[in-house]
Amino acid sequence: MVFLSYLISGISLGSVYAMIALGYTMVYGIAKMLNFAHGDVIMVGGYVSLIAMTSWGLPVWAAVVVAMVACTVLGVVIEGLAYRPLRSAPSLAVLITAIGVSYFLQNSAQLIFSPNPKSYPVIINGSLSLFGGKLTISYISLVTFLVCVIIMIALTLFTSRSKMGKAMRAVSEDKGAAQLMGINVNRTISMTFAIGSALAAVAGVFLCSSYTTLMPTTGSMPGIKAFTAAVFGGIGSIPGAFLGGLLLGIIEAMAKAYISTNISNAIVFAVLIVVLLVRPAGLLGKYVPEKV
Amino acid sequence: MSKLKSIKKTTLVDFATYIGVIIAFIIVNTLKNDGALTRSFTGQLIPICCYVVMAISLNLTVGVLGELSLGHAGFMSVGAFSGIIAAMSLQTVIPSPVLRLIIAIIVGAFFAAIAGVIIGIPVLRLRGDYLAIVTLAFGEIIKEVINCLIVGVDSNGLHVIFNAFGSKSVSDLNLLEGGVMIIKGAQGATGVKAISTFTVGFILIMITLVIVLNLIRSRSGRAIMALRDNRIAAESVGINITKYKLMAFVISSALAGAAGALYGLNFSSLMSSKFNFNTSILILVYVVLGGLGNIWGSIISAVILTILPEALRGFEDYRMLIYAIVLILVMLATNSPQIKNLVEKIIPRRKKGEEADEEAA
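Bear in mind the structure is a predicted one, so any value in this text is a computation, not a measurement.

The subject of this paragraph is the overall build of chain A. A tally of helices and strands in chain A yields eleven helices and four strands. Against the compact-globule benchmark of 19 Å for 292 residues, chain A has a radius of gyration of 19 Å, which places it among compact chains. Residues counted as buried form 55% of the 292 residues belonging to chain A. Considering only intrachain contacts with a sequence separation of at least 6, the fraction spanning at least 24 residues in chain A is 73%. Surface summary for chain A: the accessible area is close to 12,100 Å², and the carbon and sulfur share equals 68%. Separation of charge centres in chain A, based on 16 positive and 6 negative side chains, amounts to 8 Å.

This brings us to the interface of chain A and chain B. With 46 residues of chain A in contact, the opposing surface of chain B contributes 48 residues. Each partner contributes to the roughly 4,000 Å² buried at the junction of chain A and chain B, and carbon and sulfur atoms together form 77% of this total. Summed over the shared surface of chain A and chain B, the number is zero salt bridges. In this assembly, chain A and chain B are joined by two residue pairs in polar contact (both at pLDDT 80 or more).

Our focus in this paragraph is the state of the cysteines. Enumeration according to the criterion identifies zero disulfides over all chains in this entry. A disulfide-free cysteine, Cys148 of chain A has its sulfur positioned 16 Å from the sulfur of Cys208 of chain A, the nearest such atom.

We now examine unusual backbone geometry. Residue and element names in this part refer to chain A. With phi around 70°, Ser114 is a residue other than glycine that occupies positive phi space. Turning to its location among the elements, Ser114 is positioned in the loop between α4 (91–113) and β1 (118–119). One non-glycine residue, Thr212, lies in positive phi territory at about 60°.

Together, Lys8, Arg219, Arg222 and Lys243 of chain B make up a region of like positive charge exposed at the surface. Position of Arg219 of chain B among the secondary structure elements: in helix α8 (residues 219–229).

Bringing the sheet that holds strand β1 (residues 149–154) of chain B into the picture now. Residues and elements named next belong to chain B. The strand order across the open sheet built from three strands is β2-β1-β3, with neighbouring strands paired in antiparallel fashion. This sheet does not close on itself; its edge strands, each paired only once, are β2 (157–162) and β3 (180–184). Within this sheet the neighbouring strands show an average axis-to-axis angle of 15°, counted without direction. For β1 and β2, the ladder comprises six bridges, and the chain directions are antiparallel. Paired with Ile150 across the bridge in β2 is Ile161. Together, β1, β2 and β3 form the strand contacts of helix α4 (residues 72–89), whose direction differs from that of β3 by roughly 175°.

Applying the stated criterion across every chain, the model contains nine salt bridges over all chains. Between Glu79 of chain A and Arg84 of chain A there is a salt bridge whose closest N-O contact spans 3.3 Å. Measuring nitrogen to oxygen at the nearest pair gives 3.0 Å for the salt bridge that ties Lys245 of chain B to Glu67 of chain B. Of this pair, Lys245 of chain B sits in helix α10 (residues 241–264) while Glu67 of chain B is found in the loop between α3 (39–64) and α4, placing the two residues 178 residues apart along the sequence. Each member of the pair, Lys245 of chain B as well as Glu67 of chain B, is classed as buried. Each of Glu79, Arg84 and Arg87 of chain A takes part in salt bridges that share partners, so that together they form one network.

Mean pLDDT over chain A: 86, with 98% of residues reaching 70 or higher. Ranking the elements of chain A by mean pLDDT puts strand β2 (residues 127–130) of chain A last with 74 and helix α3 (residues 60–83) of chain A first with 91.

A word on α10 of chain B. Residues and elements named next belong to chain B. Here α10 is 24 residues long and its end C-alpha atoms lie 34 Å apart, about the 34 Å a rise of 1.5 Å per residue gives. α10 sits mainly inside the fold: 20 of its 24 residues count as buried. Near the N-terminus of α10, the side chain that reaches the backbone nitrogen of Thr242, with its oxygen 3.4 Å away, is that of Asn240.

What follows deals with a nonpolar patch on the surface. Residue and element names in this part refer to chain A. On the surface, Met1, Val2, Phe3, Leu4, Leu128, Leu130, Phe131, Tyr139, Leu142, Tyr258 and Ile259 cluster together into a nonpolar patch covering about 970 Å² of accessible area. Elements with a contribution of two residues or more to the nonpolar patch: α1 (2–31), β2, α5 (139–161) and α10 (238–259). The leading source of residues in the nonpolar patch is α1, at three residues. Examined against the element boundaries, Leu128 turns out to sit in strand β2.

Reading the values: rules and limits
- Residues numbered from 1 in each chain as written.
- Chains lettered and ligands numbered in written order.
- Predicted model: local features only at pLDDT ≥ 70, side-chain atom pairs only at ≥ 80, totals over all residues.
- Heavy atoms only, no water.
- Helix = DSSP H or I, 4+ residues; strand = E, 2+ residues; numbered from the N terminus.
- Rg over C-alpha atoms; globule rule 2.2 N^0.38 Å.
- Buried < 20%, exposed > 50% of the residue type's maximum accessible area, 1.4 Å probe, protein only.
- Contact = heavy atoms within 4.5 Å.
- Areas by Shrake-Rupley, 256 points an atom, 1.4 Å probe, with all protein chains shown as cover.
- Lys, Arg positive; Asp, Glu negative; His and termini not counted.
- Charge placed at Lys NZ, Arg CZ, Asp CG, Glu CD.
- Buried area = accessible area lost by both parts, 1.4 Å probe.
- Salt bridge = Lys/Arg side-chain N within 4 Å of Asp/Glu carboxyl O.
- Polar contact = N/O pair within 3.5 Å; in protein donor to acceptor, adjacent residues only side chain to side chain.
- Disulfide = S-S within 2.5 Å.
- Patch = residues over 30% accessible without salt bridge, like charges linked within 9 Å, V, L, I, M, F, W, Y side chains within 5 Å.
- Pairing = 2+ DSSP bridges.
- Axes fitted to C-alpha atoms, helices over the stretch in contact; angles between N-to-C directions.
- pLDDT = per-residue confidence, 0-100.
- Expected span 1.5 Å × (residues − 1).

The following block contains the structure:
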């Protein structure tokens with residue numbers, strides 16, 4: 001029973017990682033860039049939803065929608081201003097720009113909201129009692145997991161069935177050829193950023209709700225972990241990001257419970273290194289042989 | 001003049017780099033001795049030396065070897081803490097602080113090199129962003145592992161506890177009377193005697209330059225750069241990939257360890273969280289802004305970007321915001337094709353002049 005409850009908390013944490021990792025993996029798959037500002041978009045989503053809930057008195061679902069809209073706009077603006085001019089630049093230049101954007105968002109948040117942590121309300125109260133009270137599952141864990149699964153399925157369907165999704169896959173495979181087929185590459189990449197940022201907003205709400213605090217730096221560590229999760233599952237693969245996020249959350253929860261809280265992150269990262277050495281393309285990543 | 005022209009252009013650039021660093025040192029040192037520098041700037045001198053060495057060494061991995069590393073601060077951390085342990089435990093044996101500092105730097109470089117080998121052998125098989133993520137993971141692992149270390153020294157020698165479960169404390173070391181605590185777990189190293197000096201920092205920069213520049217201009221250096229430019233072509237002409245990759249990676253980590261030891265012994269206390277992901281990124285920013293593979297560029301950008309946040313102190317809360325904006329604008333200005341075209345339209349002569357130079361040469 002104790003094991004099960006740890007497992008459930010791991011799945012709940014992992015679902016949040018998975019949501020962030022889905023955004024990471026989409027942006028990486030299509031724009032081929034590591035968007036280090038993604039974690040900070042989560043933080044912005046957290047603040048926007050907090051304001052919507054506390055200052056404007058909106059219900060939770062409306063606050064989530066407001067946060068999604070705000071983050072979508074933010075994501076598209078960041079892409080247009082900072083990343084689009086660098087489309088043909090070396091990948092390191094884009095990486096540094098992403099880091100600059102990340103610093104910018106963190107420090108703007110610090111100026112606007114002060115660096116002190118703010119308390120974040122638990123968005124869904126109550127829990128489910130099973131086996132005569134031996135095992136309790138909080139509703140928030142259930143909702144987090146369900147939302148994550150729904151997002152994963154929706155994204156998979158979107159990329160495999162819809163016209164825009166097909167365009168995205170075409171762009172990710174070959175930008176030049178996609179352009180020749182009449183696909184608007186810039187619009188497709190903007191769209192990817194919009195989706196990724198909207199997911200980041202949802203992830204932000206669940207993340208802050210499980211931490212119950214919110215700071216300008218809230219997003220950075222989960223951002224790094226989600227990036228790890230995306231690589232773990234095979235970067236560019238949507239089911240891979242989901243699986244990687246869940247596994248990362250479970251490993252972290254188990255390491256905290258059974259080994260040590262002090263080195264739980266070290267264990268998570270050590271598992272990552274071992275997995276990458278055995279499967280260099282990640283769990284579900286495709287191994288692409290090089291053509292000479 | 002004709003004699004000067006017969007020397008290779010790269011040799012001239014290397015020469016200019018050495019001379020530039022020496023002149024800068026002489027000027028700053030004279031100003032410092034005259035008391036013309038502000039207190040905050042004098043305090044920045046040794047960290048600047050460390051960051052310069054870090055930037056040069058990371059440039060070896062990122063610019064010359066062409067592999068993205070996001071955990072360079074991890075090697076700095078290994079060097080810093082092993083250097084501190086060495087310096088503190090030799091306090092009674094070697095009274096001269098300069099000698100102790102040099103030993104600490106060597107010890108720091110040695111342990112960081114070992115860490116470099118351990119990480120490098122398995123990891124250099126990976127490519128591109130996967131290598132980046134593993135180095136990032138390594139940096140985070142080192143941070144947490146050092147957080148769990150409790151180290152002290154007494155007349156019986158070193159006492160080390162690995163406090164993985166959070167159950168041990170300082171008293172479990174059972175130090176004899178007169179023993180000294182060195183690292184206290186999450187509190188980091190405290191009560192360190194700050195023995196770093198600007199002169200040693202300058203010498204470390206010069207040694208780093210000699211090592212890195214000679215490596216780049218040597219046969220091995222050309223092999224490393226061939227790997228960067230075209231791995232498959234390099235392999236096909238018989239270049240041993242693992243050997244040269246590992247060589248560059250280990251030298252880079254050893255230099256980072258040396259810089260770490262210098263850095264660690266500049267402060268009376270040091271926490272392992274100082275060497276986090278952000279520090280690795282900070283150094284990567286120096287390298288990219290200075291130009292990949294460009295050693296003097298790394299030096300200049302490390303110096304300017306360390307001073308810049310201090311110089312912006314007048315803006316208080318806005319300084320990091322300004323730093324971020326400057327970073328984005330510089331990247332846009334140097335890499336965006338539109339802006340490049342615009343600059344060329346305004347100053348068309350620059351490019352023609354360069355071409356004429358090349359023709360003359």
